[in-house]
Protein chains: 2
Amino acid sequence: MGGDHGPHVTVSSAVECLKRDPETDIILVGIPGAIKAELLFLKTQLGPRLRVHAASEVVGMDEPPALALRGKKDSSMRVAINLVKNGEAQACVSAGNTGALLATSRFVLKTIEGIDRPALAAALPTIKGHTYILDLGANIDCMPEHLLQFGLMGSALISSIENKVAPSVGLLNIGEEAIKGNETVKQAAELLRDSGLNFYGNIEGNDIYKGTTDIVVCDGFVGNVTLKTSEGLAQMLATYLREEFKRNLLTKMAGLVALPVISAFKRRVDHRQYNGASLLGLRGIVVKSHGSADNYAFCAAIRRATEEVRGGMLRRISEQVAELSLHSKPLLKVNTK
Amino acid sequence: MGGDHGPHVTVSSAVECLKRDPETDIILVGIPGAIKAELLFLKTQLGPRLRVHAASEVVGMDEPPALALRGKKDSSMRVAINLVKNGEAQACVSAGNTGALLATSRFVLKTIEGIDRPALAAALPTIKGHTYILDLGANIDCMPEHLLQFGLMGSALISSIENKVAPSVGLLNIGEEAIKGNETVKQAAELLRDSGLNFYGNIEGNDIYKGTTDIVVCDGFVGNVTLKTSEGLAQMLATYLREEFKRNLLTKMAGLVALPVISAFKRRVDHRQYNGASLLGLRGIVVKSHGSADNYAFCAAIRRATEEVRGGMLRRISEQVAELSLHSKPLLKVNTK
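Just so you know, these numbers come straight off a predicted model, no measurement behind them.

**Student:** Quick question: what am I supposed to make of the overall build of chain A here?
**Tutor:** When its secondary structure is counted, chain A shows 12 helices and 10 strands. Here the C-alpha atoms of chain A give a radius of gyration of 21 Å, agreeing with the 20 Å that 2.2 N^0.38 yields for 337 residues. For chain A, the spread of C-alpha atoms along the three principal axes comes to 60 × 60 × 35 Å. When each of the 337 residues of chain A is scored for burial, the buried share is 52%.

Below, the structure is given as structure tokens:
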């Protein structure tokens, strides 16, 4: 029910995904009337692969997470996460309120043994391919142990969905030297170095898009600012490019000639293909789609969820935690509020 | 003497600037032989507007700042900053080692009354024009009072060099609402709100390039990551665009047709025009050029320094501190290491 476009996007994306992926079944969770109206519009029948599970409430996009958690026990979000908890679904995908999704997922599913806090991870394009960055805003104040856990979870994510052995982990810092950065980052680097993970070391902001490492670890404040700054810069450059091609008749003609090239360029940097941030560290798979996602983008989020299920991501995180406890002396578990 | 290209760039840029700006005189500080060889190559004579001040040492680009500060008392950097202190020069421009420049400037010049720590500020292009962001890496761990001081100094910088009354100050955060962010940022927002500055409120990463505010305030860790991430993303997009135009004969021909437009676009986003980060909060004007600056970029850094001198930036910062102490109850001065 969530997202800026509600069931109009989520239902039609689900129908689209079922056609493309014969191995996936989908349960649409929400207000049955609204869902059925969409299905009618799409001329799609329910069946064993596409079911509806009723929920009577919807969490608003701007609703305070605590209010949603306490007050809306029959929200589509809560009910969908419950289905994951009960084993009726193997993953939950939502375009709804991020804070509410985080709070509800954590409350209902709980974290995996050895993981203190769930983190938000997403893929970004790089010169070499793509990289995964976490945390993107779930954890504002982090201890070094949390950054270690982000490295571990990112590593488990990639090794499960991309079948990559020992993906490289970079720690986002303001210099490559070990003496750089604040105390938290310095201590996190030591923990990561002793962790048995494939720790590359400190990386700087420009390394993200260079694709220096498979995983970029940072606290949620830095990750969120980094992601949104990138969005802003990409939009500004797109605006500039458009303006230059629209300047006069000659530039407009040049634009027509260059259109296929510019289109290929736009497809390559299309952020929709990277839609779907994974909530890592929970005892269940939850993927957060951008609220403004269209069909193409929402399908990417559903695909991310199916990849995590098939790659056995939850088991992989538990295995990494077990491996880590063999390698590192400090207790992984830290006390948190 | 500093920077990746040494006197080859700095001396020729100085000569170039003298031609363009008849109101500026330049003192070249460094090893006389190296400087005179450059002047000979440029067929330029010394005179009342272009002098040489000898220094016997050079700070290496990777030299630890503390070592440079203690060990090289006759470095070109130290001597140039001394000239500012003694009033023989009104500003120092360097492409050298950033850490050493910060440490030496702070040690020699000291901070302005009411300012705890110098900050690094630079301009970035936006959809509307440009914005100034600080701190860019001089201060890793910041208290709320430091962020307030950054807002104050950014405001003084813009009002002096752009003659803008009450420029708007945005606080970089992970959401616009006042409840968002970590404790430091929340408290900084309160201080800024009570400061008498034109405080816009919290802004997000994408607001930087939207040009939502004239000034973007953040701690040095976030600022440095933001700047370097932007560099990395811009480079990646440029690489992609180049690759798409070079794909085959047809796209290469489209590239030829679109060349004037792409060139105009590149000129518009050319980061060299924004070269020159201001060290704010010192009892003297110091501008740091990018180490890899070419003539065009280094001239921009020299121009920034002359603008700050002519705009009376130092006086403006002191005035802002005095105004602030009228407005805000908390003591501005905090204890720092």
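**Student:** Looking at this model, I keep getting lost on the relation of the copies chain B and chain A. Mind explaining?
**Tutor:** Related by rotation about an axis and a shift along that axis, the two copies of the chain form a pair. In screw terms, the move from chain B to chain A is a rotation of 180° and a rise of 0.0 Å along the axis, fitting with an RMSD of 0.0 Å. Both copies of the chain, as the preceding transformation shows, are related through a two-fold rotation axis. Both copies share a contact surface, since 100% of the interface residues of chain B are interface residues in chain A too.

**Student:** Quick question: what am I supposed to make of the interface of chain B and chain A here?
**Tutor:** Quoted interface sizes are often the accessible area lost when the parts come together. Chain B puts 46 residues into the contact, and the matching count from chain A is 46 residues. Taken together, the elements giving at least two residues each to the side of chain B that touches chain A come down to helix H8 (205-210), helix H9 (220-245) and helix H10 (249-269) of chain B. Element by element, the count of residues in the side of chain B that touches chain A is highest for H9(B), at 21 residues. Tallied by class, residues from the side of chain B that touches chain A come to 24 nonpolar, 14 polar and eight charged.

**Student:** Help me out: how do you make sense of the sheet that holds strand S10 (residues 285-288) of chain A in this one?
**Tutor:** Sheet strands line up and pair through hydrogen bonds in the backbone, either parallel or antiparallel. Residue and element names in this part refer to chain A. The sheet built from eight strands is open, its strands ordered S3-S10-S9-S4-S5-S8-S6-S7 with mixed pairing. At either end of the open sheet lies a strand with only one pairing partner, and these are strand S3 (91-94) and strand S7 (198-203). Between one strand and the next, the sheet's axes are offset by a mean angle of 25°, whatever the strand orientation. For strand S4 (residues 119-125) and strand S9 (residues 277-280), the ladder comprises three bridges, and the chain directions are antiparallel. Pairing of alanine 121 across the sheet is with serine 278, part of S9. Each of strand S6 (168-172) and S7 touches helix H7 (residues 183-193); the most contacted strand, S6, lies at about 170° to it.

**Student:** Honestly, the packing of helix H6 (residues 144-161) of chain B against helix H7 (residues 183-193) of chain B in this entry has me stumped. Any pointers?
**Tutor:** How two helices sit against one another is set out by the angle between their axes and by the gap between those axes. Residues and elements named next belong to chain B. In the contact formed by H6 and H7, the axes pass within 8 Å of each other and the chain directions differ by 50°. The angle between H6 and H7 falls in the class oblique. As H6 packs across H7, the resulting crossing turns out to be right-handed. Contacts from Pro144, Glu145, Leu147, Leu148 and Gly151 of H6 reach H7 at Thr184, Gln187, Ala188, Leu191 and Leu192.

**Student:** Quick question: what am I supposed to make of the domain arrangement of chain A here?
**Tutor:** Residues and elements named next belong to chain A. When cut into domains, chain A gives domain 1 (1-109) and domain 2 (116-277 + 306-337). Each of domain 1 and domain 2 has a C-alpha centre, and the two are 27 Å apart. The interface is formed by seven residues belonging to domain 1 together with five residues belonging to domain 2. Its residues placed into classes, the side of domain 1 that touches domain 2 shows two nonpolar, three polar and two charged.

**Student:** Teacher, can you tell me more about the pairing of strand S5 (residues 130-134) of chain A here?
**Tutor:** Across a regular strand the side chains alternate sides, sitting on one face of the sheet and then on the other. Residues and elements named next belong to chain A. For S5, a buried count of four out of five residues is recorded, marking the element as mostly surrounded by other parts of the structure. Of the strand pairs in this sheet, S4 and S5 are connected by five bridges, and their pairing is antiparallel. Looking across to S5, one finds that alanine 122 is bridged to isoleucine 133. Linking S4 to S5, which pair antiparallel, is a turn of four residues. The pairing of S5 with strand S8 (residues 215-217) spans three bridges and is classified as parallel. Within the sheet, the bridge partner assigned to isoleucine 133 lies in S8 and is valine 216.

**Student:** Would you mind showing me how to read the confidence of the model for chain A here?
**Tutor:** Any residue range with low pLDDT should be treated as having predicted coordinates unsuitable for detailed reading. Summary statistics for chain A give a mean pLDDT of 91 and a share of 96% for residues scoring 70 or more. For chain A, the element scoring lowest by mean pLDDT is helix H12 (residues 313-327) of chain A, at 86; S8(A) scores highest, at 98.

**Student:** What exactly am I supposed to notice about helix H5 (residues 98-109) of chain A here?
**Tutor:** Since the α-helix turns once every 3.6 residues, residues separated by three or four places project in the same direction. Residue and element names in this part refer to chain A. If you check H5, its first and last C-alpha atoms are 16 Å apart, about what 12 residues at 1.5 Å a residue would give, namely 16 Å. In terms of residue burial, H5 counts as a mostly covered element, since 10 of its 12 residues are buried. Inspection of H5 places Thr98, Gly99, Ala100, Leu101, Leu102, Ala103, Thr104, Ser105, Val108 and Leu109 among the buried residues, and these make up the whole buried set. Turning to H5, the residues buried within the fold contact helix H3 (65-71), helix H4 (76-85), S3, S9 and S10. One or two steps after H5, the chain reaches lysine 110, where phi turns positive at roughly 65°.

**Student:** Sorry, what's going on with the sheet that holds strand S8 (residues 215-217) of chain B here?
**Tutor:** Residues and elements named next belong to chain B. An order of S3-S10-S9-S4-S5-S8-S6-S7 is seen for the eight strands of this open sheet, with the pairing classed as mixed. Here the strands that pair on one side only, and so sit at the sheet edges, are strand S3 (91-94) and strand S7 (198-203). Adjacent strand axes in the sheet meet at a mean angle of 25°, parallel and antiparallel pairs treated alike. In the sheet, strand S6 (residues 168-172) pairs with S7 via five bridges, with the strands oriented parallel. Paired with valine 169 across the strands is phenylalanine 199, a residue of S7. Along the sheet, helix H5 (residues 98-109) makes contact with S3, strand S9 (277-280) and strand S10 (285-288), crossing S10 at roughly 175°.

**Student:** Can you walk me through unusual backbone geometry in this structure?
**Tutor:** Negative phi values dominate among residues other than glycine, just as trans dominates among peptide bonds. All names here are of chain A. Cis geometry marks the peptide bond from leucine 134 to aspartate 135; its omega dihedral reads 5°. Tracing the backbone through its elements, the reader meets aspartate 135 in the loop between S5 and helix H6 (144-161). Phi at lysine 110 is positive, roughly 65°, even though this residue is not glycine. Mapped onto the elements, lysine 110 comes out in the loop between H5 and S4. With a phi close to 50°, alanine 166 is a non-glycine residue in the positive phi region. One can find alanine 166 in the loop between H6 and S6.

**Student:** How should I be thinking about the environment of B:Ile27 in this particular structure?
**Tutor:** Residue and element names in this part refer to chain B. In this structure, isoleucine 27 sits in strand S1 (residues 26-30). C-alpha of isoleucine 27 to C-alpha of alanine 14: the two residues are 13 residues apart in sequence and 8.9 Å apart in space. The residues touching isoleucine 27, leaving out its near neighbours within four places in the chain, are Arg51, His53, Leu83 and Ala89.

**Student:** Sorry, what's going on with the packing of helix H1 (residues 7-20) of chain A against helix H2 (residues 32-41) of chain A here?
**Tutor:** Residues and elements named next belong to chain A. It is the contact of H1 with H2, at a shortest axis distance of 9 Å, that shows an interaxial angle of 60°. For the element pair H1 / H2, the angle class is oblique. Remark: the crossing between H1 and H2 carries right-handed chirality. Contacts from Pro7, His8, Val11 and Ser12 of H1 reach H2 at Ala34, Ile35, Glu38 and Leu39. Looking at the contact of H1 with H2 residue by residue, the class counts come to five nonpolar, two polar and one charged.

Each value, and the rule that gives it
Along each chain, residues carry numbers from 1 onward, in the same order as the chain's sequence is written. Chain letters and ligand numbers both follow the written order, the letters beginning at A and the numbers at 1. With pLDDT at 70 or above as the cut-off, local features in this predicted model cover only qualifying residues; side-chain atom pairs require 80 or more to be listed or tallied, and sums for whole chains, interfaces and linings still use all residues. A run of H or I in DSSP becomes a helix once it reaches four residues, and a run of E becomes a strand once it reaches two; helices and strands are each numbered from the N terminus. For the radius of gyration, the atom set is restricted to C-alpha positions; the globular benchmark scales as 2.2 Å times the number of residues to the power 0.38. Residue burial is a threshold on neighbouring C-beta atoms within 10 Å of the residue's own C-beta, all placed from the backbone, with 20 or more meaning buried, 12 or fewer meaning exposed, and counts in between meaning partly exposed. C-alpha atoms of residues with pLDDT of at least 70 in both copies form the basis for the least-squares superposition of the copies. Here the contact rule is simple: place C-beta atoms from the backbone, and any two residues whose C-beta atoms are within 7 Å are in contact. Throughout this entry, Asp, Glu, Lys and Arg are counted as charged residues, while Ala, Val, Leu, Ile, Met, Phe, Trp, Tyr, Cys and Pro are counted as nonpolar. The remaining residues, Gly among them, count as polar. What makes two strands pair is DSSP finding at least two bridges between them. All axes are obtained by fitting lines to C-alpha atoms, using only the stretch in contact for helices, and the reported angles, taken between N-to-C directions, cover 0 to 180 degrees. Here the word oblique covers every angle except those under 35 degrees (roughly parallel), over 145 (roughly antiparallel) and from 65 to 115 (roughly perpendicular). Handedness of a crossing follows from how the near helix is turned relative to the far one, being left-handed for an anticlockwise turn of less than a right angle and right-handed for a clockwise one. How far each domain reaches was decided by an automatic or database domain assignment. As a per-residue quantity, pLDDT reports the predictor's confidence and falls between 0 and 100. A helix is expected to span 1.5 Å multiplied by its residue count minus one.

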